[in-house]
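The primary structure of each chain is shown beneath.
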Amino acid sequence: MNLEISIQGETLNLTEELLRRYNVPGPRYTSYPTAPEWSDAFGFADYERALSTSNASGRPLSLYMHLPFCERLCLFCGCNVIIKKNHDIAVPYLETLKEEIAMIAARVEKSRHVAQFHWGGGTPTWFSPAQLEELFAYTQNHFIFENDAEIGVEIDPRATTIAHLEVLRRLGFNRLSMGIQDFNPQVQQAIRRIQPYEETKELFDACRALGFDSLNVDLIYGLPLQTVSSFVESVDKVVDMKPDRIAMFSYAHVPWMKKQQGALTRRIPQGMEKFQIFRAGIGRFTDSGYHYIGMDHFAKPDDELCTAQRNRTLHRNFQGYTTKAGPDLLGLGVTSISGVDRFYAQSYRGLEDYSTSIGRGELPVMRGTALTDDDIIRRAAIGKILCHCVLDKKELSAEYGIDFDGYFADEIARLGALCADGLVELTPDSIRVTLIGRIFIRNIGMIFDKYLQKPNDRPVFSRTL
Ligand SMILES: C[S@@+](CC[C@H](N)C(=O)[O-])C[C@H]1O[C@@H](n2cnc3c(N)ncnc32)[C@H](O)[C@@H]1O
Ligand code: SF4
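Residues numbered from 1 in each chain as written. Chains lettered and ligands numbered in written order. Predicted model: local features only at pLDDT ≥ 70, side-chain atom pairs only at ≥ 80, totals over all residues. Heavy atoms only, no water.

Novice: Would you take a moment to explain the site of ligand 1 for this structure?
Specialist: The full set close to ligand 1 counts 20 residues, and Phe76, Gly78, Gln181, Arg193 and Asp218 are the nearest of them. Within the side chain of Asp218, a nitrogen or oxygen atom sits 2.7 Å from an oxygen atom of ligand 1. Between Gln261 and ligand 1, the recorded distance is 3.4 Å, taken from a side-chain N or O atom to a nitrogen atom. The protein chains hide 89% of the 560 Å² of surface that ligand 1 would expose on its own. Listing elements by their share of the shell around ligand 1, those giving two or more residues are strand 7 (145-155), strand 8 (175-181), strand 9 (214-221) and strand 10 (245-250). Here the residues of the shell around ligand 1 are counted per class, giving eight nonpolar, eight polar and four charged. (Near = heavy atom within 4 Å. Polar contact = N/O pair within 3.5 Å; in protein donor to acceptor, adjacent residues only side chain to side chain. Areas by Shrake-Rupley, 256 points an atom, 1.4 Å probe, with all protein chains shown as cover. Helix = DSSP H or I, 4+ residues; strand = E, 2+ residues; numbered from the N terminus. Nonpolar A, V, L, I, M, F, W, Y, C, P; charged D, E, K, R; others polar.)

Structure below.
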């Protein structure tokens, strides 16, 4: 079967066989090496040393705070959440988080300013406006924010009030990311997330009226009961709302890690059916004037993400694509991830382990890793492919003192098959991702992932499409 797909006015032909070949489990590369490769031999003393050495760089900071609570569990949810209908835990969690903020601030040079700040979840607005205001004030007492810092938060419209929005705006938040997923009532019922369009639109318009600079919305394709026409209706509603950016995530079905996904009893579109939904979404967004950045993301053509992609200054971190170049990422709160210098560290998953560690005066590190020189070179190669859609061999060779063709001889040979399938163009100087290749960009990054070469019998990643 021949499948046409239209992206940014260009029509591409795909085949069922091509989809089968590339729709395989693979990482999203918010880090390299990916989290399954990290080890619990990496502990708080290692992270402490990493923070200390990173100070010499004077690099700016990106602060991520994980606010993990939600009142109800959406069945599709793949996030690190803790379900609490009762809010009694709010005060002790915030007290522990504040202790962690103070511990980290004491280990980071004051001259290193915050360029990026993000509250993610769970649902940050599970906390009351007053609690959020206090937490933000406490953070500002411990870190200096750059004047043009990006200050963002994830909001679930079902758990966000106008009072929340007013406080966030007053505190200086300039970016909001709103979870929508799908507007179809049957789909919403199947995923146990009832979120009527009218209420969502009303809140979205309130965000606009309050003057937040950048509004993002999240959709997911591949959810139970979705069809091409039902998804197109959701996409059209989103286009009418005029967000600045859109994340259209591929539903990651990983019931071996997220048990509640096993309770999704209605038909889940897969393979060709899922691709048709994806194709409809991508066509509709790009026909409506959005630019396809790659890896699920769209932005208006004048958005700084598009400019950064053109200028090759786009980056990728745990929050997705960003224009902020190379700050050290400090994660705070349960399960949060830090990327400092050449180290990754992840906090404990459980509230008890997290607070016990902080109570002992130890940074809460559950696992992590120290990158080898080879990891750093491969991380850069994968990052350039995912962000710029082109890898300049001379540039990478000069940056890392390697001879690209010699160092990556095996990878170049394996890219031959992707080149034959039209995913990349190989020239003596560069590896260029084609428009079709953008759809399978994870697969292209995977060629450079050394850890995927070793046998693994456990299911770890969701499928790439
Ligand atoms: C922490 S949630 C966003 C904030 C808020 N809790 C909400 O749901 O509105 C981040 C986003 O991850 C995406 N997400 C969650 N589970 C997913 C899954 N299994 N596959 C793909 N995307 C998922 C959703 O689009 C969601 O909006
Ligand atoms: S509200 Fe967001 S974080 Fe909470 S369960 Fe639903 S998708 Fe997951």
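Novice: Which parts of the structure should I look at to understand the packing of aromatic side chains?
Specialist: Remark: the centre distance and the inter-plane angle together describe each pair of aromatic rings, the angle taken between the planes. In this structure the tally under the stated criterion is 28 aromatic pairs. Both rings, one in Phe183 and one in Tyr197, keep their centres 5.0 Å apart while their planes meet at 85°; by these two values the pair is edge-to-face. One end of the pair, Phe183, is in the loop between strand 8 and helix 6 (185-190); the other, Tyr197, is in helix 7 (residues 197-210), and 14 residues separate them in sequence. Accessibility classification places Phe183 together with Tyr197 in one group, the buried group. Lying over the aromatic face of Tyr138, Lys98 brings its terminal NZ or CZ to 5.5 Å of the ring centre. (Phe/Tyr/Trp six-rings, centres within 6.5 Å; stacked < 30°, edge-to-face > 60°. Buried < 20%, exposed > 50% of the residue type's maximum accessible area, 1.4 Å probe, protein only. Lys NZ or Arg CZ within 6 Å of the ring centre and 35° of its normal.)

Novice: Whenever I open this one, the site of ligand 2 confuses me. Can you help?
Specialist: Around ligand 2, the surrounding shell consists of Cys70, Arg72, Leu73, Cys74, Phe76, Cys77, Val81, Gly122, Thr123, Asp156, Arg158 and Arg193. Residues of the shell around ligand 2, tallied by class, amount to six nonpolar, two polar and four charged.

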